[in-house]
Amino acid sequence: MKKFISLLLAAVMLLSLVGCGSTSTGEYPDGDIEIIIPYKVGGTTDLAVRGVLDAIPDDVLSVDITVTNTVGGSGLIGTEEFMQADADGYTLGLLNCDLVLNYVTGATEINPMEDMIALGCVEQDPYFLLAAQNDKFSTFAEFISYAEANPGELVVGVTGVGTIPNLLGTILTTAGLDVLVVPYDSAPDAIAAVLAGESDICISAMASAAGNLESGDLIAIAATSSARSETLPDVPTMAEVDDRFADVNLLSWIMIAVPAGTDDEIVDFWKSAIADAVASDDYAETRESFYFESITLTADDLDDFVNEQADYYRTLT
């Protein structure tokens with residue numbers, strides 16, 4: 001009998017210890033956190049994510065966050081690594097425009113609408129069509145006219161398959177423009193090709209092109225968003241210039257996420273922390289220094305926005 005009671009007490013104590021180790025809002029986080037960024041250090045995604053995380057006050061998040069940059073496969077390698085993590089709130093990852101596009105096209109079985117929970121948007125920007133100073137065209141309207149008068153002559157630089165900028169080639173050719181579309185490994189590579197005269201235009205978010213635009217080496221001839229950019233308000237949208245592009249709304253957007261199944265209290269913790277960080281003066285300085293635009297998406301908007309973007313990509317692929 002005494003042996004049975006001892007075993008019973010041991011079992012109760014073990015269950016008690018297991019319960020103490022479980023995650024709740026009173027204890028979370030009680031250890032360091034990792035975020036996996038599936039792109040290289042110093043790129044638009046890396047800068048935006050680090051900027052927001054740095055803006056979370058110590059009294060809100062007192063533990064360290066380790067940033068792991070796992071590069072390759074248009075972001076899919078790092079994303080697959082993230083999806084293998086436990087849904088315990090200690091490994092964060094990203095849900096972004098490229099991932100949704102890759103799911104829509106069948107390049108990945110990861111369904112961001114079901115396999116992830118979006119916590120907050122950290123970047124939301126248009127892309128721009130960029131050209132070097134040249135004697136062929138200086139506006140998007142002139143680019144269209146030149147392409148129509150000289151079929152097959154103009155070269156358009158885009159980033160590789162699995163990225164949103166790659167859709168530009170489809171959009172231009174669907175509109176009836178006979179242009180040569182050339183993929184590059186990254187926006188900086190595509191920009192370098194324009195500067196070297198290898199391409200006539202390329203597509204890039206502002207962050208990668210800011211220095212060349214400020215110096216005058218590049219000019220922005222159109223924005224890919226449905227509304228004009230707050231960063232370059234004098235640059236027309238593609239839709240403004242030609243009705244064939246009336247539905248164009250290519251955006252660069254990045255959300256921090258956790259795996260589906262993560263505790264609701266942990267999700268709420270991060271949604272609140274990220275929302276406050278995005279709205280902070282600290283992040284405003286970071287955002288302005290890298291020419292990121294204001295973020296209008298709130299935590300309540302994220303799921304609908306992601307689904308809408310997925311539906312839009314399906315019309316382009």
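Residues numbered from 1 in each chain as written. Predicted model: local features only at pLDDT ≥ 70, side-chain atom pairs only at ≥ 80, totals over all residues. Heavy atoms only, no water.

A. Layout of the overall build of the protein chain. If you tally the helices and strands in the protein chain, you get 13 helices and 9 strands. Residue burial in the protein chain is summarised as follows: out of 317 residues, 49% are buried. Taking all contacts inside the protein chain whose residues are at least 6 apart in sequence as the whole, residues at least 24 apart take part in 77%. When the accessible surface of the protein chain is totalled, it reaches about 14,600 Å², and 50% of it is carbon and sulfur. With 10 positive and 52 negative side-chain charges, the protein chain shows a separation of 7 Å between the mean positions of the two kinds. (Helix = DSSP H or I, 4+ residues; strand = E, 2+ residues; numbered from the N terminus. Buried < 20%, exposed > 50% of the residue type's maximum accessible area, 1.4 Å probe, protein only. Contact = heavy atoms within 4.5 Å. Areas by Shrake-Rupley, 256 points an atom, 1.4 Å probe, with all protein chains shown as cover. Lys, Arg positive; Asp, Glu negative; His and termini not counted. Charge placed at Lys NZ, Arg CZ, Asp CG, Glu CD.)

B. Seen up close, helix α6 (residues 140–149). Every buried residue of α6 is listed here: F140, F143, I144, Y146 and A147. The buried residues of α6 all sit within an arc of 165° when viewed along its axis, so they share a single face. Buried residues in α6 make contact with β4 (116–132), β5 (155–159), α7 (167–174), β7 (201–205), β8 (218–223) and α10 (238–241). (Arc of directions from axis to C-beta.)

C. Representation of the packing of aromatic side chains in the model. All chains considered together, the criterion is met by 9 aromatic pairs. Centre to centre, the rings of Y28 and Y90 are 5.2 Å apart; their planes meet at 70°, and the pair counts as edge-to-face. Remark: Y90 occurs in the loop between α3 (76–83) and β3 (91–96) and Y28 occurs in the loop between α1 (2–20) and β1 (33–37); sequence separation between them is 62 residues. Each of the two residues, Y28 as well as Y90, counts as buried. Three or more aromatic residues joined by ring pairs form one cluster here, namely Y28, Y90, F269 and W270. (Phe/Tyr/Trp six-rings, centres within 6.5 Å; stacked < 30°, edge-to-face > 60°.)

D. Broad picture of the packing of helix α4 (residues 97–104) against helix α13 (residues 302–316). Between α4 and α13, the shortest axis-to-axis distance is 9 Å and the interhelical angle comes to 50°. Considering the angle they form, α4 stands oblique to α13. Crossing geometry of α4 relative to α13 is assigned as right-handed. On the side of α4, the interface is formed by C97, V100, L101, Y103 and V104, while α13 contributes V306, A310, Y313 and R314. (Axes fitted to C-alpha atoms, helices over the stretch in contact; angles between N-to-C directions. Parallel < 35°, antiparallel > 145°, perpendicular 65-115°, else oblique. Left-handed = near helix turned anticlockwise from the far one by under 90°.)

E. Region of the structure containing the side chain of T159. Relative to the elements of secondary structure, T159 occurs in strand β5. Only 2.8 Å separates the side chain of T159 from the side chain of T163, close enough to count as a polar contact. Excluding its chain neighbours within four sequence positions, the residues that come into contact with T159 are P165, N166, Y184, S186 and A187. (Polar contact = N/O pair within 3.5 Å; in protein donor to acceptor, adjacent residues only side chain to side chain.)

F. Broad picture of the environment of I77. Along the polypeptide, I77 turns up in helix α3. For I77, a relative accessible area of 43% translates into the label partly exposed. When the C-alpha positions of I77 and P38 are compared, they lie 6.8 Å apart, and in sequence the two are 39 residues distant. Ignoring any residue separated from it by four or fewer positions in sequence, one finds I77 in contact with T70, V71 and G72.

In short, the description is geometric, and any link to function would need to be established separately.
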